[in-house]
Amino acid sequence: MTRPTRALLKWSNLRHNYRKAREATSHEAYAVIKSDGYGHGMVACANALSGEADGFAVACVDEAVKLRNAGIRQPVLVLEGAYDAEEWEQASEHHIQLAVHHPQQLKDRAEAQLSDDVAVWLKVSSGMNRLGVKLEDAPEMIARIRNDRGLILRHVMSHFATSDEADTSFYEEQKQRMISHAWPVPLSLSNSASVIRGGVAEEKVMRPGIMLYGSSPCEDISALEAGLKPVMTLQSALISVHNVKAGDTVGYGCTWTAPRDSRIGVVAIGYGDGYPRHAPTGTPVNVAGQSCSLVGRVSMDMLTVDITDVPEATIGSPVELWGELVDVDEVARLAGTISYELYCRLTQRVPRINLQ
Ligand SMILES: *Cc1c(COP(=O)(O)O)cnc(C)c1O
């Protein structure tokens, strides 16, 4: 028997979630599949959506070229744009669309020999203040792009800093800053949280990411409430069961003391697989179809669960860490992080199993 730890990937759910995003408004949606498709496999995600996605968005030109080399023909947008002149040339050669967020990128472009026109999206900062030109500098950047015969200005884009929060006041402020401007090309604004909140009527292209994988970024709306289905189910199995007496401790640091005589199950997964080490005692783990609690510290290859109330659980019983039965957003919250990080940190040790 091989190690039972694996990530099942249900691609029909990726398509379901993409359709959910698309149906929220009548807008187009570029599926965000950066960072290896949020750990799900970038090319596999693109292939699963190739029949329906209006386009794909990735972080860097390297990722976009990988998609092209894998035969993906849809529009591909690079959210960070080109890092240098050579990347402008690569973008032109592979018909990759680039965000332009800084005047330096236009200087680099002037040094590049483009083999074909490059479609660009001007990235404006409306409150995130990470990438993007200031609103007041946007008209000059637009003029510079439009005066360049090798560039086609396709969209103006901006990114929300707080659309995941229940208090939507800053989100509304950012929206207002963007839609009150007279732009010469259509807007692209929404990330997943904004799509789940109904999107922005004035935009043309949304950029959903995390929701496609079946997780809700909104603190006040669960994935279930948003009608999303998990693509990834992270599974393992019990490799040992044993009894401890009330007062015995379990695991490194003796951080958990059995409050009663207990039955402990040992699961073949740990932080070496990407399960978060900071998941505390009480984090839900499903064993043999029953909800149980993680107890004690997560180790590199194993973790321990209290299976006292699941007498049928035995060596070989199936375990789910997140997915269909255990909400990834709940695990992330308890571990002090977000589902994005849990997905991205799943390590190569975990085999990915494709289901339709
Ligand atoms: C990552 C990213 C997105 C997608 O964000 P989600 O919260 O995953 O939906 C959209 N736009 C930009 C600019 C991004 O960097």
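Residues numbered from 1 in each chain as written. Predicted model: local features only at pLDDT ≥ 70, side-chain atom pairs only at ≥ 80, totals over all residues. Heavy atoms only, no water.

A. Layout of the overall build of the protein chain. If you tally the helices and strands in the protein chain, you get eleven helices and 19 strands. Counting only residues that meet the buried cut, the protein chain has 53% of its 356 residues in that class. The long-range share in the protein chain, meaning contacts at least 24 apart out of those at least 6 apart in sequence, stands at 64%. When the accessible surface of the protein chain is totalled, it reaches about 15500 Å², and 48% of it is carbon and sulfur. (Helix = DSSP H or I, 4+ residues; strand = E, 2+ residues; numbered from the N terminus. Buried < 20%, exposed > 50% of the residue type's maximum accessible area, 1.4 Å probe, protein only. Contact = heavy atoms within 4.5 Å. Areas by Shrake-Rupley, 256 points an atom, 1.4 Å probe, with all protein chains shown as cover.)

B. Structural detail: the nonpolar core. In this structure, L122, Y275 and W322 are the most contacted members of the largest nonpolar core, which totals 106 residues. No other element matches the five residues that strand β6 (residues 118–125) contributes to this core. In terms of domain composition, this core takes at least three residues from each of domain 1 (11–213) and domain 2 (232–355). Not counting chain neighbours up to four residues away, the residues in contact with W322 comprise M232, T233, L234, G274, Y275, P276, V328, V331, L342, Y343 and L346. With six residues, the next largest nonpolar core counts V250, A258, I264 and V295 among its residues. (Core = buried A, V, L, I, M, F, W, Y, C linked by side-chain atoms within 4.5 Å. Domains from an automatic or database assignment.)

C. Layout of the UniProt feature "active site" (unreviewed entry) in the protein chain. Mapped onto this numbering, the UniProt entry annotates "active site" (unreviewed entry) at K34 and Y252. The annotated residues occupy 219 residues of the chain and do not converge on a single region, their most distant C-alpha atoms lying 35.7 Å apart. Tracing the backbone through its elements, the reader meets K34 in helix α2 (residues 34–38). Looking at K34, the relative accessible area reads 29%, which means it is partly exposed. When near neighbours in sequence (up to four residues on either side) are disregarded, K34 contacts A57, V58, A59, E63 and L79. (UniProt positions renumbered as here; feature names shortened; annotations may be inferred.)

D. Highlighting the packing of aromatic side chains. Counted under the stated rule, the structure contains five aromatic pairs. Aromatic side chains F160 and Y171 sit 4.8 Å apart centroid to centroid with 80 degrees between the ring planes, which places their arrangement in the edge-to-face category. Taken as a pair, F160 in the loop between β8 (151–157) and α8 (169–179) and Y171 in helix α8 lie far apart in primary sequence, eleven residues in all. Ring pairing ties together the aromatic residues Y38, Y213 and Y340, which thus form one cluster. (Phe/Tyr/Trp six-rings, centres within 6.5 Å; stacked < 30°, edge-to-face > 60°.)

E. Quick look at the side chain of D148. Structurally, the position occupied by D148 is in the loop between α7 (138–146) and β8. Among the polar contacts listed, one links the side chain of D148 to the backbone nitrogen of G150, at a separation of 2.8 Å. (Polar contact = N/O pair within 3.5 Å; in protein donor to acceptor, adjacent residues only side chain to side chain.)

F. Looking closely at the environment of A143. Locating A143 in the fold gives a position in helix α7. Since its relative accessible area comes to 35%, A143 is described here as partly exposed. Residues A143 and L153, spaced ten residues apart in sequence, show a C-alpha to C-alpha distance of 9.8 Å.

G. A look at helix α6 (residues 103–110). By the burial criterion, the buried members of α6 are Q105, L106, D108 and R109. Projected down its long axis, α6 carries its buried residues within an arc of 155 degrees, all on one side. Counted as exposed and oriented over 90 degrees from the buried face of α6: K107 and A110. On the buried face of α6, the contacting elements are α5 (85–94), β5 (97–100), α7 and β8. (Arc of directions from axis to C-beta.)

H. Spotlight on the site of the ligand. Near the ligand lie 14 residues; those nearest to it are K34, Y38, S192, I210 and Y340. Take K34: an N or O atom from its side chain is 2.7 Å from an oxygen atom of the ligand. Here a nitrogen atom of the ligand and a side-chain polar atom of H159 are 3.4 Å apart. Protein chains bury 93% of the 390 Å² of accessible surface belonging to the ligand in isolation. Tallied by class, residues from the shell around the ligand come to six nonpolar, four polar and four charged. (Near = heavy atom within 4 Å. Nonpolar A, V, L, I, M, F, W, Y, C, P; charged D, E, K, R; others polar.)

I. Up close: the domain arrangement of the protein chain. Partitioning the protein chain into domains gives domain 1 (11–213) and domain 2 (232–355). Distance between the C-alpha centres of domain 1 and domain 2: 37 Å. If you look at the interface, domain 1 gives eight residues, while domain 2 gives nine residues. One can count zero salt bridges joining domain 1 with domain 2. When contributions to the side of domain 1 that touches domain 2 are tallied by element, the ones reaching two or more residues are α1 (11–24) and α2. (Salt bridge = Lys/Arg side-chain N within 4 Å of Asp/Glu carboxyl O.)

J. Representation of α5. Every buried residue belonging to α5 is among A85, E87, W88, A91, S92 and H94, and all of these are buried. Regarding α5, its N-cap is D84, as a side-chain oxygen of that residue lies 3.3 Å from the backbone nitrogen of E86 further along. Phi turns positive, to about 55 degrees, at H95, one or two residues after α5.

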